[in-house]
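Summary of the model geometry
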Amino acid sequence: MADHLLLGKWGEDLAEKKLMDQGWKILGRNISFKGGELDIVARDEKELVMVEVRTRTFGKIMPPECSVGPDKLRKLVRAGKYYVLKNKWEGPWRIDLIAITVEENENVRIEHFPDITYGGAY
Amino acid sequence: MNAVLGVTLKGVDAIKVEVEVEITGGLFAISIVGLPDAAVRESKERVRAALRTLGIPIRGRVAVNLAPADLPKEGALLDLPIAVGMAKSTGALRFSRPSVFMGELALDGRLRAVRGAVPAAIMAREKGLDLFIPEDNAHEVSLVHGVNAFKVPDLRSLIDYFRGDLELQRVKNDFKADQQKKIEPDFSDIKGQAAAKRALEIAAAGHHNVLLIGSPGSGKTLLARALRGILPPLSDEELMEVMLVRSTVGISSSRGRERPFRPIHHTASAVAICGGGTNLRPGEISMAHRGVLFLDEFTEFRRDLLESLRQPLEDGEIVVSRSAGSVTYPAQVLLAVACNPCPCGWFGDPVEQCRCSSNDIERYQKKLSGPILDRIDLYVPVPRLTPEELLSLEGKCGESSEAIRERVCRARSLQLERWSDIGSGSNSELPEKILRTRLGLSREARSFLGSVAGTLKLSGRGISRVLKVSRTIADLDSSVEISTAHISEALAYRQTGFLS
Ligand SMILES: [Zn+2]
């Protein structure tokens, strides 16, 4: 595997562990559809959550919550809708971002941003 | 059905808005039908953030419907009812009485004061609804008789209240107006100008519009500012009218009985003066309702601006039109206007030399006619004092505003009593028919006016004006009859008399 793919997988593992630690039920990993992929699908109590995981090493200027652009967001929404349909989920669902940053001193920072569609129309 | 209600404003009236919230499964999204887009975005963020801090998560597809849909609405006023509607749909709270909510949410859930609390209180009282308002709006709402209103510091307190965990403070009715503040400047602060002061006393007593004409530094502006200090204090009803306008504009204010004084500058926009704008608000003319509207440097005002003041001055209210229909704001004002006697300003001055040609002066005088000036009853020269006069007045103190106000109030109550059957509060508003028949003109006064009317070439309108003003002078004199002396004093305030 290429380095950045290895880093990505490492980050997703870390995110999954964090979610399980806080009591979420993990329903799936790396679920691919035509035109989109869901890194993690999980249950937060009554809500289904599609989690996008971003892993980066230090030196990036952009804050992590800005790293998902509108195009990527639309793709995530499309993939999420497809998943919900396929699994006959009729309850509420949302899209979260988990950003993992490896800092200069090898510290690992994990940040969790819920609802990255901000209640907008998609 | 215990609807969640909010309000929107139409003129100085609050209109009930029903807030319906439906939450279904699906991707988290909030849509608000019935608000302009920009307002929706802001309101949505405030409401969601505020609910989240309370641990009330909003999930799924949230559809907020604001009915009636065709009324223009303002997001900030509706934050609280939208938040309550959402919380209610998630089952986080329930309530048993139909209630009206108003308030803008801060992101942390605190409530900010909004405009329109007084109109909302009147609406809630009429419809028998409970009213929940931001704490900072309580002072103005306490003036509204018989409304069942609660002070809400923040969203959490409101939710706890509906869960039965907390009591909210009721707004206590308090109809006592604030202590009347001393109005600056006082008439005793103004040196000399006995004639102009007398004219303002007449203006205040009969509600006559007045034009002050004088050179720069003569004290016209000072006199105009002092005028409201000799007007009778606002009655309960008038105070409520003034509070309604202030609340609609959104300025929290004292509830004193002193009348408003609103100066407008000739560079002001039509919207600032007449009202309107994106979030429809009353203008200066409505802020001056039941008080004094002052136009300084009158000849500098654009024609179209003056034209737009004509109708409201005649009707006592102003209609503001916009795409979504028109609204009406009150605009009963005593008009005070000031200007220079000539373009350079020094015509008739005891010291400075006027540099204007007779043509200049004639053209200038022509400007002193038209839509606003024909509503002026009193033309008052305000000459600059000579250095000698100033010296001789050193240390002398004129009559106080309070003493003058007492005479004005007496004259007003005579008018109120006399005209109670025709619903007029002052001599200046008298219909023509009444003028001719019920003025109490003495026989000598009648023949005197008849003879001077010819010599002075008084028009029909000019005669009416002289009659109204002389009635006020007689009232200040506590005289049932209008005498020849009253008529001749009134004649001195005619338009043609002011430059000689
Ligand atoms: Zn001049």
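Described in the following lines is the structure provided in the data block. Just so it is clear, the model here is predicted, and its values are computed rather than measured.

Topic: the overall build of chain B
Each helix and strand in chain B was counted, giving 18 helices and 19 strands. Reported as C-alpha extents along the three principal axes, the dimensions of chain B are approximately 85 × 45 × 45 Å. Here chain B holds 500 residues, and the buried ones make up 53% of them. Considering only contacts in chain B between residues 6 or more positions apart, those separated by 24 or more positions represent 73%. Element-wise, carbon and sulfur atoms account for 49% of the exposed surface of chain B, whose accessible area totals about 22200 Å². Placing the 66 positive and 62 negative side-chain charges of chain B at their respective mean positions leaves the two points 2 Å apart.

Some words on the coordination of the zinc ion
Geometry reference: four tetrahedral donors at a metal, ideal angle 109.5 degrees. Six octahedral donors, ideal angles 90 or 180 degrees. All names here are of chain B. Protein-derived coordination of the zinc ion comes from C342 (SG), C344 (SG), C354 (SG) and C356 (SG), at a distance range of 2.1 to 2.4 Å. Geometry at the zinc ion is tetrahedral, judged from the 4 donor atoms that bind it and their angles of 103 to 115 degrees at the metal. Mapping the donors of the zinc ion onto the primary sequence gives the spacing C-x1-C-x9-C-x1-C. Within this pair, whereas C342 is found in the loop between β18 (334-339) and α12 (358-367), its partner C354 is found in the loop between β18 and α12, the two being separated by 12 residues in sequence.

Description of the packing of aromatic side chains
Residue and element names in this part refer to chain B. Counted under the stated rule, the structure contains 12 aromatic pairs over all chains. Look at F101 and F132: their rings are 5.0 Å apart centre to centre, the planes differ by 15 degrees, and that puts the pair in the stacked class. Here the residue F101 occupies a position in strand β6 (residues 99-101), and F132 occupies one in strand β9 (residues 130-134), the gap between them amounting to 31 residues. F101 gets classed as buried once you look at its relative accessible area, which sits at 0%. Here the aromatic residues F95, F101, F132, F150, Y161 and F162 are joined through ring pairs into a cluster of three or more. Sitting above the plane of the F95 ring, K88 keeps its charged end 5.4 Å from the centroid.

Brief notes about the interface of chain A and chain B
On the chain B side, the residues contacting the 17 residues of chain A number 11 residues. Summing both partners gives a buried area of about 1100 Å² for chain A against chain B, and 52% of it is carried by carbon and sulfur. Sorting the residues of chain A by area buried against chain B places W93, D115 and G119 of chain A first, and these three jointly supply 38% of that buried surface. Inspection of the region where chain A meets chain B yields 4 salt bridges. Notably, a salt bridge pairs E47 of chain A with R59 of chain B, separated by 3.2 Å at the nearest N-O pair.

Regarding the side chain of R48 of chain B
Within the secondary structure layout, R48 of chain B lies in helix α1 (residues 37-53). Discounting chain neighbours no more than four positions away, the residues touching R48 of chain B are D115 and Y118 of chain A together with F28 and I30 of chain B.

Thoughts on the nonpolar core
All names here are of chain B. L131, L295 and F298 are the most contacted members of the largest nonpolar core, which has 68 residues in total. If you count residues domain by domain, this core takes at least three from each of domain 1 (2-163) and domain 2 (187-413). Membership of the second largest hydrophobic core comes to 52 residues, among which are I202, V382, L458 and L467.

Things to note about the environment of E300 of chain B
Relative to the helices and strands, E300 of chain B resides in the loop between β15 (292-295) and α11 (303-315). Here E300 of chain B falls in the partly exposed class, since its relative accessible area comes to 44%.

Things to note about the packing of helix α2 (residues 75-89) of chain B against helix α5 (residues 155-162) of chain B
All names here are of chain B. The contact between α2 and α5 brings their axes to 11 Å, and the two run at 45 degrees. On the basis of the axis angle, α2 is oblique to α5. Along this stretch, α2 crosses α5, giving a crossing that reads as right-handed. Residues L80, A83, V84 and A87 of α2 form the contact with α5, whose participating residues are L155, L158 and I159. Residues of the contact of α2 with α5, tallied by class, amount to 7 nonpolar, no polar and no charged.

Some points on the packing of helix α16 (residues 443-455) of chain B against helix α18 (residues 484-491) of chain B
Two packed helices can be described by the angle between their axes and the distance between those axes. Residue and element names in this part refer to chain B. Look at α16 against α18: their axes get within 8 Å of each other, and the N-to-C directions meet at 35 degrees. Facing α16, whose interface residues are E444, A445, F448, L449 and V452, α18 presents T484, I487, S488 and L491. Its residues placed into classes, the contact of α16 with α18 shows 6 nonpolar, 2 polar and 1 charged.

A look at the pattern of salt bridges
This structure, assessed with the given rule, holds 42 salt bridges over all chains. Linking D13 of chain A and K9 of chain A is a salt bridge whose minimum nitrogen-to-oxygen distance equals 3.1 Å. Of this pair, D13 of chain A and K9 of chain A both sit in helix α1 (residues 3-21), separated by 4 residues, roughly a single helical turn. Residue D13 of chain A is classed as partly exposed on the basis of its relative accessible area of 32%. Classification of K9 of chain A by relative accessible area gives partly exposed; the value is 40%. Between R29 of chain A and E12 of chain A there is a salt bridge; the shortest N-O distance is 3.7 Å. Taken together, the residues R29 of chain A in strand β1 (residues 25-33) and E12 of chain A in helix α1 connect sequence positions 17 residues apart. Several salt bridges converge on common partners, so that one network encompasses D44, E45, E47, R94, D96 and D115 of chain A together with R48, R52 and R59 of chain B.

Some thoughts on the sheet that holds strand β11 (residues 210-213) of chain B
Residues and elements named next belong to chain B. With parallel pairing, the 5 strands of this open sheet are ordered in space as β12-β15-β18-β11-β19. Strand pairing shows two members of the sheet lacking a second neighbour, β12 (261-264) and β19 (378-381), which therefore form its edges. Geometrically, the sheet is characterised by an average inter-axis angle of 20 degrees between neighbouring strands, direction not taken into account. Alignment of β15 against β18, held across 4 bridges, turns out to be parallel. Paired with F294 across the strands is A336, a residue of β18. In the packing of helix α6 (residues 194-206) onto the sheet, contacts are made with β11, β18 and β19, and the angle to β19 comes to roughly 160 degrees.

What counts and what doesn't
Residues numbered from 1 in each chain as written. Chains lettered and ligands numbered in written order. Predicted model: local features only at pLDDT ≥ 70, side-chain atom pairs only at ≥ 80, totals over all residues. Heavy atoms only, no water. Helix = DSSP H or I, 4+ residues; strand = E, 2+ residues; numbered from the N terminus. Buried < 20%, exposed > 50% of the residue type's maximum accessible area, 1.4 Å probe, protein only. Contact = heavy atoms within 4.5 Å. Areas by Shrake-Rupley, 256 points an atom, 1.4 Å probe, with all protein chains shown as cover. Lys, Arg positive; Asp, Glu negative; His and termini not counted. Charge placed at Lys NZ, Arg CZ, Asp CG, Glu CD. Donors = N, O, S within 2.8 Å, 3.2 Å for Na, K, Ca; no water. Tetrahedral: all angles 85-135°; square planar, octahedral: opposite > 155°, others 65-115°. Phe/Tyr/Trp six-rings, centres within 6.5 Å; stacked < 30°, edge-to-face > 60°. Lys NZ or Arg CZ within 6 Å of the ring centre and 35° of its normal. Buried area = accessible area lost by both parts, 1.4 Å probe. Salt bridge = Lys/Arg side-chain N within 4 Å of Asp/Glu carboxyl O. Core = buried A, V, L, I, M, F, W, Y, C linked by side-chain atoms within 4.5 Å. Domains from an automatic or database assignment. Axes fitted to C-alpha atoms, helices over the stretch in contact; angles between N-to-C directions. Parallel < 35°, antiparallel > 145°, perpendicular 65-115°, else oblique. Left-handed = near helix turned anticlockwise from the far one by under 90°. Nonpolar A, V, L, I, M, F, W, Y, C, P; charged D, E, K, R; others polar. Pairing = 2+ DSSP bridges.

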